[in-house]
Amino acid sequence: MKITVVGAGAVGATCADNIARKELAEELILLDIKEGFAEGKSIDMMQTAALLGFDTKIKGVTNDYAATAGSEVVVITSGLPRKPGMTREELIGTNANIVKGVTENILKYSPDTIIIVVSNPMDTMNYLTLKTSGLPKNRILGMGGALDSSRFKYYLSQELGCSPADLNAVVIGGHGDTTMIPLIQHATWNSIPVSQLLSKEQQDKVVAATMVGGATLTGLIGTSAWYAPGAGTAAMVESIVRDEKKLISSGVYLDGEYGQKDISLVVPVIIGKNGAEKILDFKLSEAEQGAFNKSADAVRNMNAVLTDMN
Ligand SMILES: NC(=O)c1ccc[n+]([C@@H]2O[C@H](COP(=O)([O-])OP(=O)(O)OC[C@H]3O[C@@H](n4cnc5c(N)ncnc54)[C@H](O)[C@@H]3O)[C@@H](O)[C@H]2O)c1
Ligand SMILES: O=C(O)C[C@H](O)C(=O)O
């Protein structure tokens, strides 16, 4: 198994680190545009191999796409992160060009790969990758729901005083401060609905904290988060590589599911060796479907910016 991670910054390097520790690939290429950066990070990570006991060979390259040839999975993290006070959507001007160029270069050497898009604004970057690559829709996935659902579990666990691992909770919609939809009515603690355990105020607090989870960390750190984003992406890679068929909220192209067409949004997806193998199209309540439609409108407006940029 050969995997490439594009962008050796905070998220890309953390994702690569997780992939190596889990030994998901024999060969892992880390590519960055900044001279020597991916090489340095890769050597640093390889110098943990003796300590951590993994066998993955990590190689860093500066913009050398030939080195990525034959990658079965490619993760795209290249692009600017937001600064405090910014929205993810404000990154579109810079990141659209980066993601488009990276996708074109990757496909020259790995025409049948599965791509996971992380760069923000993710829903629109994933849509752009779908349109740029011409790959079948099952081979393009956006990372956002894995992270947001894990954040949702974190905030629920804080309120319930329980282990996040005992929770089942899912975020759908867009990966944006106002577009994500934490499905609180469906969340359970070992099968017990959390709506029966938390007051309405507590539920509202958890939902609000989840929605601005990324902005909160950006405010604290000065740039956006990387540990949970890197781990969320690696979890998706693992489900592909090990053909786990895990149900992970992910950005996928919708063709009628949840009443939406020609858009990428986050919904529950079975992820296996063929990428997005099945979208679980379950019935939302009227309020949830209304929120989903509003998110779709917002993401569609962002997607329209891509046309204006051309
Ligand atoms: N979808 C999510 O849930 C999620 C989570 C966290 C971060 N992000 C996004 O991921 C992106 C990366 O975040 P980060 O914190 O790692 O940023 P970072 O600045 O630490 O790293 C980005 C890297 O991309 C590289 N890069 C820029 N243009 C490139 C190109 N054309 N080819 C190859 N490499 C290039 C930069 O040199 C840099 O090393 C941002 O857009 C951020 O908003 C998304
Ligand atoms: O918040 C950000 O800008 C980065 C990422 O999308 C996140 O949710 O951590």
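Owing to the predicted nature of the structure, the values given are computational and were not obtained by experimental measurement.

Draft legend 1. Looking closely at the packing of helix α5 (residues 122-133) against helix α10 (residues 286-309). Between α5 and α10, the shortest axis-to-axis distance is 9 Å and the interhelical angle comes to 50°. Classified by the interaxial angle, the pair formed by α5 and α10 is oblique. Every pair of crossing elements has a handedness; the one defined by α5 and α10 is right-handed. For the pair α5 and α10, the contacting residues are Asp 123, Thr 124, Tyr 127 and Leu 128 in the first and Val 299, Met 302, Asn 303 and Leu 306 in the second.

Draft legend 2. Main features of the UniProt feature "active site" (unreviewed entry) in the chain. UniProt annotation of "active site" (unreviewed entry) refers to His 175 when read in the numbering used here. Judged by its relative accessible area of 6%, His 175 is buried. Among residues more than four places away in sequence, those in contact with His 175 are Arg 88, Asn 120, Met 122, Asp 123, Gly 144, Leu 147, Asp 148 and Met 180.

Draft legend 3. Summary view of the site of ligand 2. Inspection of the region around ligand 2 gives Arg 82, Arg 88, Asn 120, Leu 147, Arg 151, His 175, Gly 214, Thr 218, Ser 224 and Ala 225 as its neighbouring residues. One of the side-chain nitrogen or oxygen atoms of Arg 88 is found 2.8 Å away from an oxygen atom of ligand 2. Taking Asn 120, its side chain carries an N or O atom lying 2.9 Å from an oxygen atom of ligand 2. At a threshold of 2 Å from the grid points, most atoms of ligand 2 map onto the largest pocket. Per-class residue counts for the shell around ligand 2 are 2 nonpolar, 5 polar and 3 charged. Per-domain counts for the shell around ligand 2 show at least three residues from each of domain 1 (2-142) and domain 2 (144-306).

Draft legend 4. Seen up close, helix α4 (residues 92-109). Across its 18 residues, α4 extends 26 Å between first and last C-alpha, which sits within 8% of the 26 Å expected from 1.5 Å per residue. Looking at α4, one finds that the buried residues are Ile 92, Asn 95, Ala 96, Val 99, Val 102, Thr 103, Ile 106 and Leu 107. The buried residues of α4 occupy an angular sector of 145° when projected down its axis, which confines them to one face. Of the exposed residues in α4, the ones pointing more than 90 degrees away from its buried face are Asn 97 and Lys 108.

Draft legend 5. Up close: the packing of aromatic side chains. The final tally for this structure, using the stated rule, is 4 aromatic pairs. Between Tyr 258 and Phe 292, the aromatic rings sit 5.3 Å apart at their centres with planes inclined by 40°, giving tilted as the arrangement. Of this pair, Tyr 258 sits in the loop between β12 (246-255) and β13 (261-272) while Phe 292 sits in helix α10; the two residues are 34 residues apart in sequence, bridging distant segments of the chain. The buried category is assigned to Phe 292, whose relative accessible area is 0%. Aromatic rings pair up to connect Tyr 258, Phe 282 and Phe 292 into one cluster. For the cation-ring pair, Lys 34 lies above Phe 37, with the distance from its terminal atom to the ring centre recorded as 3.9 Å.

Draft legend 6. Molecular detail of the site of ligand 1. Near ligand 1 lie 28 residues; those nearest to it are Val 11, Asp 32, Leu 80, Val 118 and Met 143. Ala 10 places a main-chain nitrogen or oxygen 2.9 Å from an oxygen atom of ligand 1. Contacts to ligand 1 include Met 143, whose backbone N or O atom sits 2.8 Å from a nitrogen atom. Against a free-state accessible area of 860 Å², the protein chains account for coverage of 87% of ligand 1. Among the detected pockets, ligand 1 sits in the largest pocket. Elements supplying a minimum of two residues to the shell around ligand 1: α1 (10-21) and α4. With 3 residues, α4 is the largest single contributor of residues to the shell around ligand 1. For the shell around ligand 1, the class distribution of residues is 16 nonpolar, 10 polar and 2 charged. Counting the residues that make up the shell around ligand 1, at least three belong to each of domain 1 (2-142) and domain 2 (144-306).

Conventions and cut-offs
- Residues numbered from 1 in each chain as written.
- Chains lettered and ligands numbered in written order.
- Predicted model: local features only at pLDDT ≥ 70, side-chain atom pairs only at ≥ 80, totals over all residues.
- Heavy atoms only, no water.
- Axes fitted to C-alpha atoms, helices over the stretch in contact; angles between N-to-C directions.
- Helix = DSSP H or I, 4+ residues; strand = E, 2+ residues; numbered from the N terminus.
- Parallel < 35°, antiparallel > 145°, perpendicular 65-115°, else oblique.
- Left-handed = near helix turned anticlockwise from the far one by under 90°.
- Contact = heavy atoms within 4.5 Å.
- UniProt positions renumbered as here; feature names shortened; annotations may be inferred.
- Buried < 20%, exposed > 50% of the residue type's maximum accessible area, 1.4 Å probe, protein only.
- Near = heavy atom within 4 Å.
- Polar contact = N/O pair within 3.5 Å; in protein donor to acceptor, adjacent residues only side chain to side chain.
- 1 Å grid on protein atoms, 1.4 Å probe; cavity = no way out; pocket = protein on both sides within 12 Å on 5 of 7 lines; lining within 4 Å.
- Sits in = over half its atoms within 2 Å of the grid points.
- Nonpolar A, V, L, I, M, F, W, Y, C, P; charged D, E, K, R; others polar.
- Domains from an automatic or database assignment.
- Expected span 1.5 Å × (residues − 1).
- Arc of directions from axis to C-beta.
- Phe/Tyr/Trp six-rings, centres within 6.5 Å; stacked < 30°, edge-to-face > 60°.
- Lys NZ or Arg CZ within 6 Å of the ring centre and 35° of its normal.
- Areas by Shrake-Rupley, 256 points an atom, 1.4 Å probe, with all protein chains shown as cover.

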